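Given next are the chains, with one letter for each unit.
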Amino acid sequence: MKISQQEIEHIALLARLKLTPEEINLYTEQLNSILECFDMLNRIDTTNVEPTAHAVELYNVLREDEVQPSLPREKALQNAPQAEDGFFKVPRIV
Amino acid sequence: MSYQDKYEMVCGVETHVELATKTKIFCGCTTEFGGEQNTHVCPVCLGLPGVLPVLNREVVNLAIKAGLALNCEIAEFTKFDRKNYYYPDLPKNYQTSQYDLPICKKGWVEIEVIGKSKKGGITRAHMEEDAGKLVHSGDSITASDSSGVDYNRTGVPLLEIVSEPDMRSVDEVIAYLQELVQILDYAGVSDCRMEQGSVRFDVNVSLRPLGSKDFGTRTEIKNLNSFTAVRRCLEYETERQAAVLDKGEKVIQETRTWDENQGVTLSLRTKEEAHDYRYFPEPDLVPLKIDRDWVERIRATLPELPAAKRERLKGLGLSAYEAGIITSNKAMAGYFDQVMQKYPEAKVVANWIMGDLSALLNAGNQSFEDCPVKPYQLADMLLMIDKGEISGKIAKTVLEEIYSSGKDPAAIVKEKGLVQIKDEGALEKIISEVLANNPKSVADYRGGKEKALGFLVGQVMKATQGKANPELVNKILKEKLK
Ligand SMILES: [Zn+2]
């Protein structure tokens, strides 16, 4: 499996990353070498192996439906780059 | 000219319904509606680094309950997955949802349109979290330099119910949605408060030439929040697609948005048109194994559902129409059952509930949930009519009095002197006066005009302010007119 420059550009767009042409080259190379490792895994026969849903053998970790205190709003907004009138403020979306 | 002359519509709906829990799906923040912005948030639902979600047991209970009410199979093994996309209403940049192993699948609801019924298939139903709310600084998102985000709704538990593309007309779509919402309301899975946005619909719609078996290209219209919006939107979209096809052009597969004010659907051409959610299993949550005992425990808590209730009411002698009206509202149906416990005459009870009582509630802008007339009071009043203590006409006045004062019917009748006149002597006197004052009608009746009797009965009722026993009046009148 080989990954193309176009695919790197698509992934960058999905991750909201702005890449320079040099970075696109670099990451194409790096991601391809990572994918080569996965090719090794692909050589293993998994015909009778159930897909793994989770790495630990644990099920049904649940909590009761009881209200717990929320954060005071000042605390919730404390690390926001921008806030206004109790809202998180974000730049133009589209 | 309508699209239906040439095309058949094919429609499926994704319904997002808010589950009736006290807390969010993965944290203990309240789900209460209407809090000030960003006051129902914590490190978990804000997606701060290093936190771990823990699944709310009640979310699973309600999802199982919904599945059972919708005739679904409940999965023995189910898990959560991450649906990745960047949008400011999603603080983690992914929505925790379910992908390939949803909790419910393969269900159906019965839908009925003009006496014809069919099954509306349900492909699947899965648990997920709601996103936050955006408030734009300008008139619209495109006209805004910035937006405000309120994360109170983030993490509120939702069930997404995906239908099969089984609906073939707008009426069928509405019938499906009404039945679905009614079932969820009855089952207590959701409050189904449409005005608070606790139920939202995404519709997928396409047209195909009449007689064709293949599906046409579909469009998806997202985030409709009422039955009316769904109806108007589908009526518009089917005509739009028909016009495109009539010109020999192709419908573009895309997501569109419904503009309520203009009454049109608009293309949402964003850069990230290709949905590439890169789902993968949620590593922060362990999977669920749902043993059959758990399912049976939930099944035992299911109340009578609308379809069963309609059948039971029909068995009591109500018409399909009456049974449909009474069950269309959970509170009204509950009220009906309570009155019936004390006064088991289904037709009579249904008439009063659907007629006079509904009219009073409508005029007073109230509902059966907070009806000032208690079910036992209506039953007592109906018993008084049967015993001849009040006439049916006076009962209307009594009902109004109970509604406005909350007093019991017997007390009102006594206080207002509304007791029916059954004293023959007293009635005879009044009737003699009425006859003396209306010689023309008397002559008419004696001359063979049966109708004149009705007029005279009316005059007697008027003279007694409606308190005369009508049967007695008829009897005495006929005797005197011989
Ligand atoms: Zn929280």
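Keep in mind the model is a prediction, meaning the values are calculated, not measured.

## Examining the coordination of the zinc ion
Residue and element names in this part refer to chain B. The protein atoms that coordinate the zinc ion are Cys 27 (SG), Cys 29 (SG), Cys 42 (SG) and Cys 45 (SG), at distances of 2.3 to 2.4 Å. Around the zinc ion sit four donor atoms; with metal-centred angles ranging over 102 to 115 degrees, the donor geometry is tetrahedral. The exposure class of Cys 27 is buried, given its relative accessible area of 6%. On the accessibility criterion, Cys 42 (9% relative accessible area) is buried.

## Section: the interface of chain B and chain A
Across the boundary between the two partners, chain B contributes 55 residues, which contact 33 residues of chain A. Buried area between chain B and chain A, both sides added, is near 3,900 Å², and the carbon and sulfur share of it is 60%. Our count for the chain B to chain A interface comes out at three salt bridges. A salt bridge links Arg92(A) to Asp145(B); the nearest nitrogen and oxygen atoms lie 3.1 Å apart. Of all the secondary structure elements, the ones that give two or more residues to the side of chain B that touches chain A are β2 (55-56), α1 (57-69), β9 (133-136), β10 (146-150) and β17 (288-289) of chain B. Among the elements that take part in the side of chain B that touches chain A, β10(B) stands out by supplying five residues, more than any other. Tallied by class, residues from the side of chain B that touches chain A come to 27 nonpolar, 15 polar and 13 charged.

## Here's the deal with unusual backbone geometry
Leaving glycine out, the prevailing phi sign among residues is negative, and the prevailing peptide bond configuration is trans. Positive phi is not limited to glycine here, since Arg16(A) has a value of about 55 degrees. With respect to the secondary-structure elements, Arg16(A) resides in the loop between α1 (5-14) and α2 (21-42). Positive phi values are uncommon outside glycine, yet Arg278(B) reaches one of about 40 degrees. Turning to its location among the elements, Arg278(B) is positioned in the loop between β15 (264-267) and β16 (280-281).

Each value, and the rule that gives it
- Per-chain numbering applies: the sequence of each chain, read as written, is numbered from 1 onward.
- All chains are assigned letters beginning with A, and all ligands numbers beginning with 1, in the order in which they are written.
- Thresholds applied to this predicted model are a pLDDT of at least 70 for local features of residues and 80 or more for the giving and counting of side-chain atom pairs; totals over whole chains, interfaces and linings are not thresholded and use all residues.
- Processing note: side-chain calculations cover all non-hydrogen atoms of the structure and skip hydrogens and water entirely.
- Shown as donors are all N, O and S atoms within 2.8 Å of a metal ion, widened to 3.2 Å for Na, K and Ca; because water is not in the atom set, sites may appear incomplete.
- Any coordination sphere not matching a tetrahedral pattern (four donors, all angles between 85 and 135 degrees) or a square planar or octahedral pattern (four or six donors, opposite donors over 155 degrees apart, other angles between 65 and 115) is reported as irregular.
- When a residue's accessible area, from a 1.4 Å probe over protein chains only, is under 20% of the maximum for its type it is buried; when over 50% it is exposed; and in between it is partly exposed.
- Any two residues having at least one pair of non-hydrogen atoms within 4.5 Å are treated as being in contact.
- Accessible area that two parts lose when put together, with a 1.4 Å probe and added across both, is what the buried area reports.
- Here a salt bridge means any side-chain nitrogen of Lys or Arg lying within 4 Å of a carboxyl oxygen belonging to Asp or Glu.
- The helix and strand labels rest on DSSP assignments: H or I over at least four residues marks a helix, E over at least two residues marks a strand, and numbering proceeds from the N terminus.
- All residues other than Ala, Val, Leu, Ile, Met, Phe, Trp, Tyr, Cys, Pro, Asp, Glu, Lys and Arg, Gly among them, are scored as polar; the first ten of these are nonpolar and the last four charged.

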